[in-house]
Amino acid sequence: MELTELIHKVAEGIQSMGLSQEDAQSDDQGQWVLLKDEMPVYIDAWKDEQSTPWNYFIFKEDASIFQVTIPFCYAPTVKRAEFLEELLVVNLNLLSGKFSYNPKDNIVVISYRISGSQFNSSDLKSIIDALAYYAEMAYHVLKDEFNLKRVHAA
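What you are looking at is a predicted structure, and each value in this text was computed from that prediction instead of being measured.

Looking at the environment of Glu136
Positionally, Glu136 belongs in helix H5 (residues 124-146). Judged by relative accessible area, Glu136 falls into the partly exposed class, the value being 22%. Remark: the alpha-carbon pair of Glu136 and Phe72, spanning 64 residues in sequence, is separated by 8.1 Å. Glu136 has contacts with Met39 and Arg150, leaving out every residue within four places of it along the chain.

A short note on a negative patch on the surface
Taken together, the side chains of Glu82, Glu85, Glu86 and Glu145 present a region of like negative charge at the surface. Looking at the negative patch element by element, the count peaks at three residues for helix H4 (residues 80-91). Topologically, Glu86 is positioned in helix H4. By relative accessible area, Glu86 is classed as partly exposed at 34%.

Re the nonpolar core
Among the nonpolar cores identified, the biggest contains 39 residues, and Val10, Ile43, Phe66, Val68, Phe72 and Phe99 are the most heavily contacted of them. Those elements that place two or more of their residues in this core are helix H1 (3-16), strand E1 (31-36), strand E2 (39-47), strand E3 (64-74), H4, strand E5 (107-115) and H5. Here this core gets eleven residues from one element, more than from any other, and that element is H5. Those residues in contact with Val68 that lie beyond four places of it in its chain are Val41, Tyr42, Ile43, Ile110, Ser111, Tyr112, Leu124, Ile127, Ile128 and Leu131.

Re the packing of aromatic side chains
Scanning the entire structure with this criterion turns up five aromatic pairs. Aromatic side chains Phe66 and Tyr112 sit 6.3 Å apart centroid to centroid with 70° between the ring planes, which places their arrangement in the edge-to-face category. Of this pair, Phe66 sits in strand E3 while Tyr112 is found in strand E5, placing the two residues 46 residues apart along the sequence. Ring-pair connections join several aromatic residues into one group, and the members of that group are Phe66, Tyr112 and Phe119. Taking the ring centre of Phe146 as reference, the NZ or CZ of Lys79 above it sits at 5.1 Å.

Reading the values: rules and limits
Residues numbered from 1 in each chain as written. Predicted model: local features only at pLDDT ≥ 70, side-chain atom pairs only at ≥ 80, totals over all residues. Heavy atoms only, no water. Helix = DSSP H or I, 4+ residues; strand = E, 2+ residues; numbered from the N terminus. Buried < 20%, exposed > 50% of the residue type's maximum accessible area, 1.4 Å probe, protein only. Contact = heavy atoms within 4.5 Å. Patch = residues over 30% accessible without salt bridge, like charges linked within 9 Å, V, L, I, M, F, W, Y side chains within 5 Å. Areas by Shrake-Rupley, 256 points an atom, 1.4 Å probe, with all protein chains shown as cover. Salt bridge = Lys/Arg side-chain N within 4 Å of Asp/Glu carboxyl O. Lys, Arg positive; Asp, Glu negative; His and termini not counted. Charge placed at Lys NZ, Arg CZ, Asp CG, Glu CD. Core = buried A, V, L, I, M, F, W, Y, C linked by side-chain atoms within 4.5 Å. Phe/Tyr/Trp six-rings, centres within 6.5 Å; stacked < 30°, edge-to-face > 60°. Lys NZ or Arg CZ within 6 Å of the ring centre and 35° of its normal.

And the structure:
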């Protein structure tokens, strides 16, 4: 899928949610930031320039990528390995999402990523709702055991 077409489809999805695409648009083309229940929601559309062993099977057909990411907590400093292991177990039960860890910023995110040709603008709200539900569920179930701290919108 051409990147301009994917960007247009994302903009349509944002507008169909009753939001202003212009207000959500980041400074960079193909990037938007929304709020869902006080959590930042990052939406990205881009064209991958290089294939990796992890995505080679789709890259030759469609190098465009659609992604929604919600950073929802900082990884704990105590029992970090146990916490990350717990998220890997939880990942087995999730539909349309995965937990990931960014060690550079010590932030745990939940994300959804597909090739651009698979994205349907009418699905954007349900994708965001599902990720926000999982982020809230994980935070509330694990916050006391691991002393979690939320990531707040900047």
